[in-house]
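One-letter residues, chain by chain:
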Amino acid sequence: MQIQRVLVVGAGQMGSGIAQVLAHGGLQVLLHDVDDERITKGIADIDNRLLREVQKGRITEEQQHEILGRIEPIVQLTDARDIQLVIEAATENMEIKCGIFRKLDSILPADVILATNTSSLPITELAAVTGRAERVIGMHFMNPVPVMKLIEVIRGLATSDETYEAVEALAQQIDKTPVEVNDFPGFISNRILMPMINEAVFCVYEGIAKPAAIDQVMMLGMNHPMGPLQLADFIGLDTCLAIMEILHDGLGDDKYRPCPLLRKYVKAGWLGKKSGKGFYSYDG
């Protein structure tokens with residue numbers, strides 16, 4: 001199967017980034033969200049990112065307009081026509097994603113592949129709410145999508161070889177590097193990253209060092225481009241907590257127990273950069 005036309009569900013930061021790289025790769029993209037306002041914002045974000053690429057000399061103005069011209073906004077999922085693939089990039093919530101997958105399964109032809117951009121939720125469980133489990137797969141793009149090369153391509157229990165190969169070919173077409181992963185909590189990226197972040201939070205919790213010192217050790221001593229606590233603030237502490245809970249529940253091992261300080265910050269509304277405060281302050 002050659003994928004030429006893709007529906008992206010969700011026009012937020014991840015969804016708009018996915019739509020951008022697909023369109024840049026020459027595909028026709030339908031971009032969906034629940035209302036016109038969200039879609040308009042998503043397309044404006046794409047335009048702003050492309051404008052920066054023009055200013056840096058990486059693409060021409062003509063290419064900018066061509067890429068935008070390959071993205072078509074739709075508010076009703078029933079308006080999706082002649083697509084071979086859906087990439088769902090909605091809120092990281094199992095109930096919401098299951099609802100979207102049920103609806104997509106009911107309105108799209110049986111040969112359309114349903115992919116999810118989830119960072120940690122089980123692909124097999126999502127596939128089970130559809131009648132096409134063999135055509136359900138995970139495509140975990142990294143943030144920011146236009147910059148990061150990796151896509152974790154996650155096989156559910158029933159995902160067919162044909163589905164995997166079609167998605168792998170698409171990833172290569174849009175200049176990404178696909179890595180095959182089986183469906184386990186956290187996949188590879190978050191199975192390794194989140195416990196590291198959680199351990200850094202424990203270092204703060206236990207008074208071993210202050211956040212800036214912990215981040216300096218990892219940047220200067222381990223050559224990480226960003227310290228784990230600053231990265232946690234950028235990801236969102238609520239997202240970090242949710243993924244740690246998935247790891248803890250799914251694997252049943254106390255080494256994945258979320259740090260009490262992480263829970264406390266989330267309950268206080270200290271979610272990181274998006275709320276203005278986390279392990280660092282972002283006011284002004």
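Residues numbered from 1 in each chain as written. Predicted model: local features only at pLDDT ≥ 70, side-chain atom pairs only at ≥ 80, totals over all residues. Heavy atoms only, no water.

A. Structural context of the side chain of arginine 135. With respect to the helices, strands and loops of the structure, arginine 135 is situated in the loop between α5 (123–127) and β6 (136–141). Sequence-distant contacts of arginine 135, defined by excluding residues within four places in its chain, comprise Met1, Ala110, Asp111, Val112, Ile113, Leu114, Glu162 and Thr163. (Helix = DSSP H or I, 4+ residues; strand = E, 2+ residues; numbered from the N terminus. Contact = heavy atoms within 4.5 Å.)

B. Geometry of the pattern of salt bridges. Going through the model one piece at a time under the given rule, you end up with 13 salt bridges. The salt bridge involving lysine 149 is made with aspartate 175; its shortest N-O contact spans 2.6 Å. Pair noted here: lysine 149 is in the loop between β6 and β7 (150–155) and aspartate 175 is in the loop between α6 (161–173) and β8 (177–182), with a separation of 26 residues, a long-range link. Notably, a salt bridge pairs glutamate 245 with arginine 263, separated by 2.7 Å at the nearest N-O pair. One end of the pair, glutamate 245, is in helix α10 (residues 237–251); the other, arginine 263, is in helix α11 (residues 260–267), and 18 residues separate them in sequence. What makes arginine 263 partly exposed here is its relative accessible area of 30%. Several salt bridges share partner residues, and in doing so they unite Glu88, Glu92 and Lys97 into one network. (Salt bridge = Lys/Arg side-chain N within 4 Å of Asp/Glu carboxyl O. Buried < 20%, exposed > 50% of the residue type's maximum accessible area, 1.4 Å probe, protein only.)

C. Region of interest: the UniProt feature "site: Important for catalytic activity" (unreviewed entry) in the protein chain. Under the feature "site: Important for catalytic activity" (unreviewed entry), the UniProt entry names His140. Its place among the elements puts histidine 140 in strand β6. Exposure remark for histidine 140: the relative accessible area of 6% places this residue in the buried category. Discounting residues that sit within four places of it in the chain, histidine 140 has contacts with Thr116, Asn117, Thr118, Ser119, Leu150, Ile151, Glu152, Ile154, Phe187, Ser189 and Asn190. A distance of 2.7 Å separates polar atoms of two side chains, one belonging to histidine 140 and the other to glutamate 152. (UniProt positions renumbered as here; feature names shortened; annotations may be inferred. Polar contact = N/O pair within 3.5 Å; in protein donor to acceptor, adjacent residues only side chain to side chain.)

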